[in-house]
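# Understanding the architecture of this molecule
Now for the letters of each chain:
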Amino acid sequence: MEHRKLAFIGAGNMSRSLISGLIQSGYPADHIIAANPSRPKLDALAADFGICTTQNNLEAIEQAEAVVLAVKPQMMAAMLGEQLAAGARFDGKLLISIAAGISVARLEQMAGGHSNLVRTMPNTPSLLGLGMTGLYARPHVAQADRDYCQHMMEAVGQALWVAEEDGINQVIAAAGSAPAYFFLFMEAMAKEAERNGFSADEARLLVQQTALGAANMVAANPQLSLGQLREQVTSKGGTTAEAIRSFNDNGLDRLVADAMAAAVARARELESQL
Ligand SMILES: NC(=O)c1ccc[n+]([C@@H]2O[C@H](COP(=O)([O-])OP(=O)(O)OC[C@H]3O[C@@H](n4cnc5c(N)ncnc54)[C@H](O)[C@@H]3O)[C@@H](O)[C@H]2O)c1
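Residues numbered from 1 in each chain as written. Predicted model: local features only at pLDDT ≥ 70, side-chain atom pairs only at ≥ 80, totals over all residues. Heavy atoms only, no water.

## Examining the pairing of strand β2 (residues 32-35)
By the alternation rule, side chains of β2 split into Ile32 and Ala34 and Ile33 and Ala35, which are all buried. By the bridge criterion, four bridges tie strand β1 (residues 6-9) to β2 in an arrangement that is parallel. The residue of β2 that forms the bridge with Phe8 is Ala34. Note that the unit made of β1, helix α1 (residues 13-24) and β2 has a crossover that is right-handed. One ladder, built from three bridges, connects β2 with strand β3 (residues 52-54); its direction is parallel. Bridge pairing in β3 links Ala35 to Thr54. Following the backbone out of β2, through helix α2 (residues 39-49) and into the adjacent parallel β3, one traces a crossover that is right-handed. (Buried < 20%, exposed > 50% of the residue type's maximum accessible area, 1.4 Å probe, protein only. Helix = DSSP H or I, 4+ residues; strand = E, 2+ residues; numbered from the N terminus. Pairing = 2+ DSSP bridges. Right-handed = clockwise from strand over helix to strand, strands pointing away.)

## Regarding the nonpolar core
Within the largest apolar cluster, 30 residues are counted, with the highest numbers of intra-cluster contacts made by Leu6, Phe8, Leu22 and Met152. Of all elements in the fold, only β1, α1, β2, α2, β4 (66-69), β5 (94-97) and α6 (143-155) reach the threshold of two or more residues within this core. Looking at which element gives the most residues to this core, the answer is α6, with five residues. One finds Ala60, Val67, Leu80 and Ala88 within the second-largest nonpolar core, a separate group that totals 23 residues. (Core = buried A, V, L, I, M, F, W, Y, C linked by side-chain atoms within 4.5 Å.)

## Thoughts on helix α4 (residues 73-85)
Helix length check: α4 (13 residues) gives 19 Å between terminal C-alpha atoms against 18 Å at 1.5 Å per residue, within 8%. Among all positions in α4, only Pro73, Met76, Met79, Leu80 and Gln83 are buried. The arc enclosing the buried residues of α4, seen along the axis, measures out at 95°, which places them on a common side. The outward face of α4, more than 90 degrees from its buried face, is lined by the exposed residues Glu82 and Ala85. Packing partners of the buried residues in α4 comprise β1, α3 (57-63), β4, β5 and α5 (104-110). Phi turns positive one or two residues past the end of α4, at Gly87, with a value near 105°. (Expected span 1.5 Å × (residues − 1). Arc of directions from axis to C-beta. Contact = heavy atoms within 4.5 Å.)

## Remarks on the packing of aromatic side chains
Inspection of every chain in the model, using the stated rule, returns one aromatic pair. On the numbers, 5.8 Å between centres and 35° between planes, the contact of Phe185 with Phe247 is tilted. Of this pair, Phe185 sits in helix α8 (residues 178-195) while Phe247 sits in helix α11 (residues 239-249); the two residues are 62 residues apart in sequence, bridging distant segments of the chain. When its relative accessible area of 36% is taken as the criterion, Phe247 is described as partly exposed. If you follow Arg4 out to its NZ or CZ, it ends over the ring of Tyr148, 4.6 Å from the centre. Taking the ring centre of Trp161 as reference, the NZ or CZ of Arg146 above it sits at 5.7 Å. (Phe/Tyr/Trp six-rings, centres within 6.5 Å; stacked < 30°, edge-to-face > 60°. Lys NZ or Arg CZ within 6 Å of the ring centre and 35° of its normal.)

## Remarks on the site of the ligand
Within the structure, the ligand sits among 22 residues, and Met14, Asn36, Lys41, Asn57 and Val71 are positioned closest to it. In this structure, an oxygen atom belonging to the ligand sits 2.8 Å away from a main-chain N or O atom of Met14. Here the ligand, which alone exposes 820 Å², has 82% of that area covered by the protein. Secondary structure elements with two or more residues in the shell around the ligand: α1 and α4. If you tally residues by element for the shell around the ligand, the top one is α4, at three residues. When grouped by side-chain class, the residues that make up the shell around the ligand number 14 nonpolar, six polar and two charged. (Near = heavy atom within 4 Å. Polar contact = N/O pair within 3.5 Å; in protein donor to acceptor, adjacent residues only side chain to side chain. Areas by Shrake-Rupley, 256 points an atom, 1.4 Å probe, with all protein chains shown as cover. Nonpolar A, V, L, I, M, F, W, Y, C, P; charged D, E, K, R; others polar.)

## A closer look at the UniProt feature "domain: Pyrroline-5-carboxylate reductase catalytic N-terminal" (unreviewed entry) in the protein
On the UniProt side, "domain: Pyrroline-5-carboxylate reductase catalytic N-terminal" (unreviewed entry) is annotated at positions that read residues 5-101 here. Helix makes up 44% of residues 5-101 and strand 20%, with an end-to-end C-alpha separation of 26 Å. (UniProt positions renumbered as here; feature names shortened; annotations may be inferred.)

## Details of the pattern of salt bridges
A complete count under the given rule lists 14 salt bridges for this structure. For the salt bridge of Arg119 with Glu165, the shortest nitrogen-to-oxygen distance reads 2.7 Å. Residue Arg119 is found in strand β6 (residues 117-121), and its partner Glu165 is found in the loop between β8 (157-161) and α7 (166-176); the two are separated by 46 residues along the sequence. Both residues of the pair, Arg119 and Glu165, belong to the buried class. With its nearest N and O atoms 2.8 Å apart, the salt bridge here joins Glu271 to Arg119. Pair noted here: Glu271 is in helix α12 (residues 252-273) and Arg119 is in strand β6, with a separation of 152 residues, a long-range link. We classify Glu271 as partly exposed; its relative accessible area is 24%. Through salt bridges with shared partners, one network takes in Glu2, Arg4 and Asp145. (Salt bridge = Lys/Arg side-chain N within 4 Å of Asp/Glu carboxyl O.)

The structure is reproduced here in structure tokens:
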């Protein structure tokens, strides 16, 4: 992929995930700079990945060709306002937002009218090169800029463009927030395994290895539907059938649908507020 000078404004969990994945994929460390108000996260990034760091956002923005906006959504307007007031110029640069709940129209306003923007929604498994990212850009954004963003996200996992901006909110529900759903499910299983007599380490091993195996079974068998993979485990009159009957009787589909709808609703609510 093209190795533009890339700045991350905000050096939190998601920036760390993306930077880790990019470095693993061969992105040159001296082409990445991260900015954050406090030093500890910057020092850890410099130590782990050899990237450049600064506590001065403007310094990072000035030397970058592409700028990843990676602060919390509630901080975005203030952060960009401060940079503009300090003399930041975004002309000629590509802005890449990873923030939930801020539309490109609103980002453009926050960035002083700069419209070369791509809105993305990655997730934390990018840290391991196993991320899933949704991307959206308005029609005027150049193909070279779209390609750069796509290749960046493919360097840390898989990428999927959405045609309508609200698709990003659906990506949040199905991928951005979703690692946490699986962790929650695994936590519940591990707790129950512990209650049934396993040590914490044993419970984690049982759940972790099974989740890893199940996800790999899905990835390795594209010709089989998720339902077919489930059926392969489910002997007629056996134990799995009883567990699945219990999930269904307790309304698993409804629970999942409600949770995903709640994530979308919150994303839309943020879009109307920020
Ligand atoms: N964590 C996820 O799973 C995830 C997934 C997809 C998208 N996102 C998006 O990524 C963004 C960051 O989320 P996160 O989870 O990494 O949060 P985080 O709190 O871990 O990181 C945000 C960082 O921004 C820094 N910061 C605060 N004000 C700043 C300023 N004015 N200038 C520069 N840095 C500043 C904070 O010190 C912090 O280190 C959010 O907009 C979120 O919606 C997060």
